[in-house]
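Spelled out, the chains give:
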Amino acid sequence: MSEVIVVTSGKGGVGKTTTSANFAAGLALRGKKVVVIDFDVGLRNLDLVMGCERRVVYDFVNVLHGEATLNQALIRDKQVPNLAILAASQTRDKDALTEEGVGRVIDELKAMGFDYIVCDSPAGIEKGAVLALTFADHAIVVVNPEVSSVRDSDRIIGIIQSRSRRARAGAEPVREQLLITRYSPRRVRDGEMLSYGDILDILKIPLLGVIPESQKVLESSNAGVPAVHDAPSEVAQAYFDAIDRFLGREVPLRFVADEPQGFLRRIFGSVGRKATA
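Predicted model only: the values in this text are computed from it and were never measured.

Reading the values: rules and limits
Residues numbered from 1 in each chain as written. Predicted model: local features only at pLDDT ≥ 70, side-chain atom pairs only at ≥ 80, totals over all residues. Heavy atoms only, no water. Helix = DSSP H or I, 4+ residues; strand = E, 2+ residues; numbered from the N terminus. Rg over C-alpha atoms; globule rule 2.2 N^0.38 Å. Areas by Shrake-Rupley, 256 points an atom, 1.4 Å probe, with all protein chains shown as cover. Lys, Arg positive; Asp, Glu negative; His and termini not counted. Charge placed at Lys NZ, Arg CZ, Asp CG, Glu CD. Salt bridge = Lys/Arg side-chain N within 4 Å of Asp/Glu carboxyl O. Buried < 20%, exposed > 50% of the residue type's maximum accessible area, 1.4 Å probe, protein only. pLDDT = per-residue confidence, 0-100. Phe/Tyr/Trp six-rings, centres within 6.5 Å; stacked < 30°, edge-to-face > 60°. Lys NZ or Arg CZ within 6 Å of the ring centre and 35° of its normal. Core = buried A, V, L, I, M, F, W, Y, C linked by side-chain atoms within 4.5 Å. Contact = heavy atoms within 4.5 Å.

(A) Up close: the overall build of the protein. Counting secondary structure elements, the protein contains 13 helices and 8 strands. Against the globule reference of 19 Å for 277 residues, the protein gives a C-alpha radius of gyration of 19 Å, in line with a compact fold. The dimensions of the protein, computed from C-alpha atoms along their principal axes, are 70 × 40 × 35 Å. Split by element, the accessible area of the protein, about 12,200 Å² in all, is 49% carbon and sulfur. Considering the protein, the positive charge centre built from 35 side chains and the negative charge centre built from 36 side chains are found 1 Å apart.

(B) Fine view of the pattern of salt bridges. Under the criterion given, the structure shown has 13 salt bridges. Ionic pairing is found between Glu146 and Lys11, a salt bridge with its closest N-O pair at 3.3 Å. Of this pair, Glu146 sits in the loop between strand S6 (138-143) and helix H7 (147-163) while Lys11 sits in the loop between strand S1 (3-8) and helix H1 (16-29), and the two are 135 residues apart along the sequence. Classification of Lys11 by relative accessible area gives partly exposed; the value is 27%. The partner of Arg166 in a salt bridge is Asp137, and the shortest N-O contact between them spans 2.9 Å. Of the two residues, Arg166 is situated in helix H8 (residues 165-169) and Asp137 in the loop between helix H6 (127-134) and S6; the sequence distance between them amounts to 29 residues. For Arg166, a relative accessible area of 24% gives the class partly exposed. Accessibility expressed as a relative area gives 16% for Asp137, which makes it buried. Several salt bridges converge on common partners, so that one network encompasses Arg30, Asp244 and Arg249.

(C) Summary view of the confidence of the model for the protein. Summing up the model confidence of the protein, the mean pLDDT is 89 and the portion of residues at 70 or higher is 92%. Helix H13 (residues 263-276) is the least confidently modelled element of the protein, averaging 44 in pLDDT, while strand S4 (residues 83-86) averages 98, the highest of any element.

(D) Inspection of unusual backbone geometry at higher detail. At Arg182, a residue that is not glycine, the phi angle is positive and equals roughly 55 degrees. Taking the relative accessible area as the measure of exposure, Arg182 reaches 41% and is therefore partly exposed. In this structure, Phe255 is a non-glycine residue whose phi angle is positive, near 65 degrees. Take Phe255: it is sitting in the loop between helix H12 (234-246) and H13.

(E) Region of the structure containing the packing of aromatic side chains. If you walk through the whole model with that rule in mind, you get 4 aromatic pairs. Summarising the aromatic geometry, the rings of Phe39 and Phe60 are spaced 5.1 Å apart at their centres and angled 75 degrees between planes, so their arrangement reads as edge-to-face. Separated by 21 residues along the polypeptide, Phe39 in the loop between strand S2 (34-38) and helix H2 (46-49) and Phe60 in helix H3 (residues 60-64) bring together distant segments of the chain. This pair shows no difference in class: Phe39 is buried, exactly as Phe60 is. A network of ring pairs unites the aromatic residues Phe23, Tyr116 and Phe246 as a single cluster. Across the ring face of Phe114, the terminal group of Lys33 is positioned such that the distance to the ring centre comes to 4.8 Å. Of note, Arg175 hangs over the ring of Phe246, and the distance from its end group to the ring centre comes to 4.9 Å.

(F) Spatial organisation of the nonpolar core. One finds Phe60, Leu86, Leu109 and Ile117 to be the most contacted residues of the largest nonpolar core, which totals 49 residues. When residues of this core are assigned to their parent elements, the largest contribution, 5 residues, is made by H7. Excluding anything up to four places from it in sequence, Phe60 contacts Ile37, Asp38, Phe39, Leu86, Ala87, Ala88, Leu97, Val102 and Val105.

Shown next, in the form of structure tokens:
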């Protein structure tokens, strides 16, 4: 049975498209049949990260408007045959997306036998982002370890809980999980960023994984090859750990090192000590 995964965030620039590409490719490398859809109509970056920008002939909006079939628009990944990409349009605006049209495309993808439909959502709460999460069975909330990213993602979690089709129908809630990107244990120790414990305390959703800060992420994006293809790298290992947890396997948390105290605990812990002194 097909399942819809939305990769979302409240703030732009947190690694959402990178996560969509790596999660989709990683699931496919685990033997699943996967399609990843770019919902960022007007910008379109997923095809660049996936290395197929020169192969885009028809896009998501062409399919929605009946100008092309899904078979014409889907781009098969050259490295993983059970992975497909549906690119966004660069020439339309987000008003081209409708709930009815998106639902029809997702239903057709389900009928094509995809195990997972990964929706790469725009940041924030505009139309494309809301439509990306509307049909979600799972939500991967991507955050950086900084206060503004965490605060904005808290708002997105509220929207998922109130505006998804599951929520509107009173059905079983969307399964929400947290993915922390650009994480540096050294900077956590130095008080420059939030610890993963701090973030969990604020957002209160299960932790799917922690992706370390690494030059490898930028290099793989620029090369158009998701980092999961470089298996020895820490980034690839961290993404595969997250994918395996998503698939129900128990995997220990890596790449977080020992953290004596997070940023919030340092601040509020010291305040508490002064108050009781």
